[in-house]
Each structure stands twice: as structure tokens, then as C-alpha cells.
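Here is how the chains run, residue by residue.
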Amino acid sequence: MDPTAPSPAGVNHAGDATAPTNTTVTLPPLTLRDVPRLPAALAASAAPVATNPISRHPYFHPPSTFYISPGDVSLRHAFFDLAAAAPSPLVAYRRAGPREGLGVDPARARAALVTCGGLCPGLNTVLRELVVGLQELYGVRDVFGVAAGYRGFYGADEDHVRLDPAAVDDWHKKGGTVLKTTRGGFDLNKIVDGIVARGYTQIYAIGGDGTMRGAVAIFQEFKRRGLNISITGIPKTVDNDIGIIDRSFGFQTAVEIAQQAIDAAHVEAVSAVNGVGLVKLMGRSTGHIALHATLSSRDVDCCLIPEVPFHLEGKGGLFEFLYERIKKKGHAVIVVAEGAGQELIPRTDDQKREQDESGNIVFLDVGPFLKSELSRWWKREHSNELLTVKYIDPTYMIRAVPANATDNLYCTLLAHSAIHGVMAGFTGFVPGPINGTYSYIPLEDIAVAKNPVDVNDHKWAWVRSVTNQPDFVKSQA
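Within any chain, residue numbers begin from 1 and follow the written order of that chain's sequence. Per-residue local features are limited, in this predicted model, to residues with pLDDT of at least 70; the limit for side-chain atom pairs, both in listing and counting, is 80 or more; totals at the level of whole chains, interfaces and linings are taken over all residues. The side-chain quantities take in all heavy atoms of the structure and omit both hydrogens and water.

## Points about the domain arrangement of the protein chain
- Residue ranges assigned to the domains are those given by an automatic or database domain assignment. Each assigned domain of the protein chain is listed with its residue range as follows: domain 1 (94-249 + 403-448) and domain 2 (252-400).
- The distance between the C-alpha centroids of domain 1 and domain 2 comes to 35 Å.
- Across the contact, 17 residues belong to domain 1 and 17 residues belong to domain 2.
- When domain 1 packs against domain 2, close to 1400 Å² is buried across both sides, 46% of that on carbon and sulfur atoms.
- For domain 1, the biggest contributors to the area lost against domain 2 are Arg 183, Val 238 and Asp 239; these three give 36% of the whole.
- Salt bridge, as used here, is a side-chain nitrogen of Lys or Arg placed within 4 Å of a carboxyl oxygen of Asp or Glu. Between the two partners, domain 1 and domain 2, sit zero salt bridges.
- What qualifies as a polar contact is a pair of N or O atoms within 3.5 Å, subject to a donor-acceptor requirement within protein and to the restriction that residues adjacent in sequence count only when both atoms come from side chains. Applying the counting criterion to the domain 1 and domain 2 interface returns five residue pairs in polar contact (both at pLDDT 80 or more). The contact definition used throughout considers only heavy atoms, calling two residues in contact when any of these lie within 4.5 Å. Values labelled buried area give the accessible surface lost by two parts on being combined, using a 1.4 Å probe and summing over both.

What follows is the structure in C-alpha cells.
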């Protein structure tokens, strides 16, 4: 039975079935997935440590509705099947934003900011806004940038740089990270010992899923030692592969720059006889950049992502499809995510075991592999016909650019949400938008949450409708 169907009491008495009706619906139980608090903040929950200094800020003049209520939450899912026999329990998170009462004293705060892992558009914007927000909103004077990733916490004095708004004023206009970054070097005891030795009370860790897993370990060690030090993670992955939150910062910039590479590949393809433009985009385990760039471009004939297997030769294979497309249009453009087709590339035993500094399996380069295999197949099957393949890999160009306007704004909101949460006394959390509402999610949830492309979703259907590509299911005959 559909619970949204109007009851007899709700039927319009004039008999107009097209008139709006009101129906009361009982939602399933709600589970609050709460974030931890500092021990001192828990002790002071009845009486805040301090009043939020934003109330005294000469330019803010916050209205009564400015501060987040202790009861404000956001729902994990924005839509529900009310007709389901057994609806799933609703999961909620604390709403992010400034609290009127603080759980820590800003005058005693000593903050450390660190960037870890690969580059991503927006890193410097997050750093800038953390520094500006800490000092100008909350009056925190001791703010330090930690160079060289997590290993910087047990590094030399020069790895700890005092920052202020003047020093970071133009950082948002720069690509990369001014603090410098590394992978690996995660020695938990050394890191926590270094944090304690330098008197840091707040840690802001900016990075991807590996960085978030490291932040979980640091949080657990803080708790084990009984330290009154807060840590928050700000999720960075240009691939947009972190789950729960709507998106990661830098992703929209990546799609924008990726489209420029696709435009160039299209020009190369249409300018050659039987031309093929091949673009490899970032996306180790997910194909979000490839998917969104394909939808934005409209020039792509085939989009290959890690979530959808494909084969090269034979009936229903990629090469057969490309040949037919080239015969029809005179050219073809292929977009492939770096993690797609990895199982097709021959590997030595050593290559199967090889890992990078973060412990990830090292991927082989699918772009040159596809170019080589396509050229070899064409020469064998269509030796009397020309083929020109132009390969473009914009990976490092995408990673290194400054954030665009949308990502710059997003980075600001993430940074401020992180600061507000730490000042409220929360720890072990990640700020991020869930269905457009900024929320606080436990670090341990983010560290394990994945965000694969849902190939049963409308977006992948849109890709198929734009490219008119088959599903590349291998014939069993």
C-alpha cells in the first residue's frame, strides 16, 4: 500500500482529483551518527568554555539564527521509498557550522595544518582559509604549516612554519601546495610525539583516503594517551572517490581542465584521416572525472571507466566498435580513466606486487597500452587503411592548476566548517556537504567509505546516450 496515497479525509470535497492534497507520513526511526568530543569539551558541555568571539566581531553582527542549534542534524539520504515494506532506518549527522558556545578556548589554541598525498586543485585555498578563519574569526594566533606531509610532524624546526593572513594572502591563486607534500612516512608514535612536543592542540589534515586513515590512527592514539588534542580531516581527492559527502574539492576544476584535453583530442582526430583522439584521465578506482568530462564535452565516442569491464578484440569488443564509428564519422574520441582495463595489461610477477609509498598497487599505463594495441590490431585487420592515433595525458596539468571559482568557494566552506567544529570541541571528524547541507561525519566512516560510479544510475545511462557505445559484453559463443 502506498502511504502517500490520500486518505478519504484528504480527498477534495469538490471532486477535483487534480487539486493538491495533504498526507501525513510517519518516517522510519532516525539514527544519529555522532562525532566524538574532546574530554575537556565533554566536561564543559553544561557550561561552554567561552562564548563564540564571532558575536563580538565588528563586521559580522550575527543574527539570532546564525548559530547552529545543538539539535540540528542533516539526513544521509535525501529521498525515501515510503512504499517499501520495511524502510531502512534514517541515518543523520550533526549539522556543521558555528556554535554560540565553544568547547575550547581560542586563546590557548595552537593549530597545525598539513597536506598529504598527491596534488589537487584547491589545496592552497583550504590552507589560506584555515589560517584566515582561525585568526580573524576566532583570534587564534599560533597557526603553523607543517611541511612534507605527516613526516613533517617529526621533522626539523624548518618544517614548522608560522602562518598569518598576510603570509597566505595570495595562496588561493597558486596551484599545488605551498607547504609541500609527501606520501608515506607514517610513523604513528613519532607523529604523535612530535605533536605533543610542539604543543599543538588542533590538527587539520588535508588529504585523500590514505590521509583519512592516518588521521583515524592519530585520533585513536590521542584517545589512548588521554590527550586533549583535536583532529579533523578535510577530504581531498581529485578522483572524487571518497564516499558519503557530495564531492571532494578539486573535482570540478579537474573536470573543467579535462574537457580542454578532450577538445584538443577532438581537433586532432577530425584533422586526420581515420583519426583517433585518446585521452587518459585520472580515476584509479572510480570514473567520475571521465564520466563528467564526457557528459560536458559531447565529442566523446567512448568512455571507459574502472567500474565497467570491456574487452578489446572480437565481436562486441572495443576495437570493432571503434572501426564502425570511424567508418561512420571519419574519426573517434576515446576517454579512459587510469584504472580502467588494468586486468587487460600483461604484468610481470614483480609488477603484480609493486606498491607506491601509500601502499596502493602501482597501475600500469592504460593509455599507451590502448594506443599500441589499437594500432597493432588495425595493422593486422585493416592494413590497407590509414590510422592516426593521438594520445593525450593531462594528468599533471590537471593536478597542478589553481582551483576554479566553484572549487575556491567550496574550499572556503570546508575550511570554515572544520574550524567551527574544532572550536565547538568536536574531534575525529570530517566536514563536508551531504545533499547540500554541510555536516560533521566521523573520520572512521569517511576513511572506509567509497564512491564508485553507480552504473545503474541515470548519469551512466546519460553517458551511454551521449556516446552511443555498447556495453562491451563478451560473447559467450
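From this point, the discussion proceeds with the structure in view.
## Considerations on the packing of aromatic side chains
- Side-chain rings of Phe, Tyr and Trp, where Trp is taken by its six-membered ring, are said to pair if the distance between their centres is within 6.5 Å; with planes under 30 degrees apart they count as stacked, over 60 as edge-to-face, and otherwise as tilted. Taken as a whole and judged by the stated rule, the model has twelve aromatic pairs.
- For the ring pair Tyr 150 and Phe 186, a centre distance of 5.2 Å and an interplane angle of 75 degrees mean the geometry is edge-to-face. Highlighted residues: Tyr 150 in the loop between strand E7 (142-146) and strand E8 (160-162) and Phe 186 in the loop between E8 and helix H3 (188-197), separated in sequence by 36 residues.
- With centroids separated by 6.4 Å and ring planes inclined at 55 degrees, the aromatic side chains of Tyr 410 and Tyr 438 adopt a geometry described as tilted. Of this pair, Tyr 410 sits in helix H11 (residues 405-423) while Tyr 438 is found in strand E16 (residues 437-442), placing the two residues 28 residues apart along the sequence. Comparing Tyr 410 with Tyr 438, the two get one shared label, buried.
- Cluster of aromatic residues (ring-pair linked, three or more members): Phe 319, Tyr 323, Trp 377 and Trp 378.
- Two limits define a charge over a ring: the Lys NZ or Arg CZ must be within 6 Å of the ring centre, and within 35 degrees of the ring normal. The positively charged end of Arg 247 is found above the aromatic ring belonging to Tyr 410, 4.2 Å away from the centroid.
- In this structure, Arg 284 is placed above the aromatic ring of Phe 363, and the distance from its NZ or CZ to the ring centre is 4.0 Å. Counting from the N terminus, the helices are the DSSP runs of H or I reaching at least four residues and the strands are the DSSP runs of E reaching at least two. Per-residue accessibility, obtained with a 1.4 Å probe over protein chains only, is compared with the maximum for each type, and a residue is labelled buried under 20%, exposed over 50%, and partly exposed between these values.

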